[in-house]
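Observations on the model geometry
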Amino acid sequence: FLPKIGAPQRGSALENIGGVITYKSNPVLHLTTREASILAELIKISPDTLTYESIGDLIFTNLDEYSLTTINKVIQHLRDKLEKNSIPASMIKTIYGQGYALR
């Protein structure tokens, strides 16, 4: 609603435009498929929390592969790549016991 009336929006400068993730209109480079899918979902549901279960559904094709350690590693790699793209890694907040949120 706010964009339609031209009101200033609070939130990140991260956007998913036609499947291309951008930060302040610059594409975010060198993301893996897993990282891109998580970041796209974080953008989509922001400021809500992306649960561990939802992340698992995004990145694991087989439930036997599901691992919180793997999820945490993918998030850490995503944060590292955000930093390499001059984006503060702190934009992805850990919500203890629940998952992650874009803030």
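As the structure is a prediction and not an experimental result, all values here were calculated from the model.

Side note on the pairing of strand β5 (residues 92-95)
Strand direction decides the pairing type here: β5 and strand β6 (residues 99-102), joined by four bridges, are antiparallel. Bridging across to β6, K93 finds its partner in A101. Between β5 and the antiparallel strand that follows it, β6, lie three residues; G97 among them carries a positive phi value of about 75°.

Quick word on the nonpolar core
Membership of the largest hydrophobic core comes to 25 residues, with the highest contact counts inside it found for L14, I38, I71, I92 and Y100. Among the elements that line this core, the one with the most residues is helix α2 (residues 33-45), at six residues. Ignoring any residue separated from it by four or fewer positions in sequence, one finds I38 in contact with L50, I55, L58, I59, V74, I75 and L78.

Here we look at helix α4 (residues 68-84)
Compared with an ideal rise of 1.5 Å per residue, which puts 17 residues at 24 Å, α4 spans 24 Å between its outermost C-alpha atoms and is within 8% of the ideal. Among the residues of α4, those classed as buried are I71, V74, I75, L78, R79 and L82. Projection of α4 onto a plane perpendicular to its axis shows the buried side chains occupying an angular sector of 140°, all on one side. Facing away from the buried side of α4 by over 90 degrees, the exposed positions are T69, K73 and K84. Against α2, α3 (52-59), β5 and β6 lie the buried residues of α4.

Reading the values: rules and limits
Residues numbered from 1 in each chain as written. Predicted model: local features only at pLDDT ≥ 70, side-chain atom pairs only at ≥ 80, totals over all residues. Heavy atoms only, no water. Pairing = 2+ DSSP bridges. Helix = DSSP H or I, 4+ residues; strand = E, 2+ residues; numbered from the N terminus. Core = buried A, V, L, I, M, F, W, Y, C linked by side-chain atoms within 4.5 Å. Buried < 20%, exposed > 50% of the residue type's maximum accessible area, 1.4 Å probe, protein only. Contact = heavy atoms within 4.5 Å. Expected span 1.5 Å × (residues − 1). Arc of directions from axis to C-beta.

Any functional reading would require information beyond the geometric quantities listed.
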